[in-house]
Amino acid sequence: MAVEQTLSIIKPDATRRNITGAINARLEEAGLRIVAQKRIRLGRDQAEAFYDVHKERPFYDSLCEFMTSGPVVVQVLEAENAVALNREVMGATNPADAAPGTIRADLAESLEANSVHGSDSPDNAAREVAFFFSDEEIVG
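The rules behind these values
Residues numbered from 1 in each chain as written. Predicted model: local features only at pLDDT ≥ 70, side-chain atom pairs only at ≥ 80, totals over all residues. Heavy atoms only, no water. Core = buried A, V, L, I, M, F, W, Y, C linked by side-chain atoms within 4.5 Å. Buried < 20%, exposed > 50% of the residue type's maximum accessible area, 1.4 Å probe, protein only. Helix = DSSP H or I, 4+ residues; strand = E, 2+ residues; numbered from the N terminus. Contact = heavy atoms within 4.5 Å. Arc of directions from axis to C-beta. Phe/Tyr/Trp six-rings, centres within 6.5 Å; stacked < 30°, edge-to-face > 60°. Lys NZ or Arg CZ within 6 Å of the ring centre and 35° of its normal. Pairing = 2+ DSSP bridges. Axes fitted to C-alpha atoms, helices over the stretch in contact; angles between N-to-C directions.

1. Thoughts on the nonpolar core
Generally speaking, a soluble globular protein has its nonpolar side chains buried in company with each other. In terms of nonpolar packing, the biggest core is built from 21 residues, with I9, M67, F132 and F133 touching the most fellow members. Those elements that provide at least two residues to this core are β1 (3–10), β2 (33–40), α3 (44–50), α4 (60–67), β3 (72–80) and α7 (122–132). Considering each element in turn, this core owes the most residues, five residues, to α4. Non-local contacts of I9, meaning those with residues more than four positions away in its chain, are made with F50, Y51, M67, V72, V73, V74, S115, V116, H117 and F132. Residues I19, L27, M90 and L107 belong to the second largest nonpolar core, which totals 15 residues.

2. Overview of α7
Listed in full, the buried residues belonging to α7 are A125, E128, V129 and F132. Summarising the axial view, the buried residues of α7 lie within an arc of 100°, below the 170-degree limit, and thus occupy one face. Opposite the packed face of α7, turned more than 90 degrees from it, sit the exposed residues D123, A126 and A130. Residues of α7 that are buried make contact with β1, β2, α3, β3, α5 (82–90) and β4 (116–118).

3. Some details on the packing of aromatic side chains
Following the criterion strictly, the structure yields four aromatic pairs and no others. Between F50 and F132 the ring centres are 5.2 Å apart and the planes differ by 50°, which places this aromatic pair in the tilted class. Placement of the pair is F50 in helix α3 and F132 in helix α7, with a sequence separation of 82 residues. Judged on exposure class, the residue F50 and its partner F132 are both buried. A relative accessible area of 7% places F132 in the buried class. Directly above the aromatic system of F133 lies the positively charged group of K38, at a separation of 4.7 Å from the ring centroid.

4. Concerning the sheet that holds β2
Here four strands make up an open sheet; going across it, the order is β2-β3-β1-β4 and the pairing antiparallel. The sheet terminates laterally at β2 and β4, the two strands that pair on one side only. Between one strand axis and the next, the sheet turns by 20° as a mean value, whatever way the strands run. Inspection of the sheet shows β2 paired to β3 by seven bridges, in the antiparallel sense. Within β3, the position partnered with K38 by the bridge is V74. α7 rests against β1, β2, β3 and β4 of the sheet, and its axis sits at about 60° to β1.

As far as function goes, none of this settles anything; it's purely spatial.
Set out below in structure tokens:
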């Protein structure tokens, strides 16, 4: 299997609680390599553009508001089957449904404040990585 990249975002609830390092440790322990990382504050326009795929969903406005409420850490993770591996480590989107030991089961505050975002497919991963990072910023 080929090495692939995926996007991970450590959300405002996690940066507020200062658990970025704990989340990164879980990612690395699972075999995901962090090849790019930066702490940023999303503007409303950025959040709306990034989550445009959800524009018609009822949670779109609150999601954009939440994602601009504090700093986030955007990062590129790399591994064989990185998208699926990251999703396994994160756990189900709803923390109540997430398997014990996953980031969301252990660290999420709520469905919206679920600590992490991860790409859901290799195609979306490529689009999401390019949204935040230039090729020069990704150092394997």
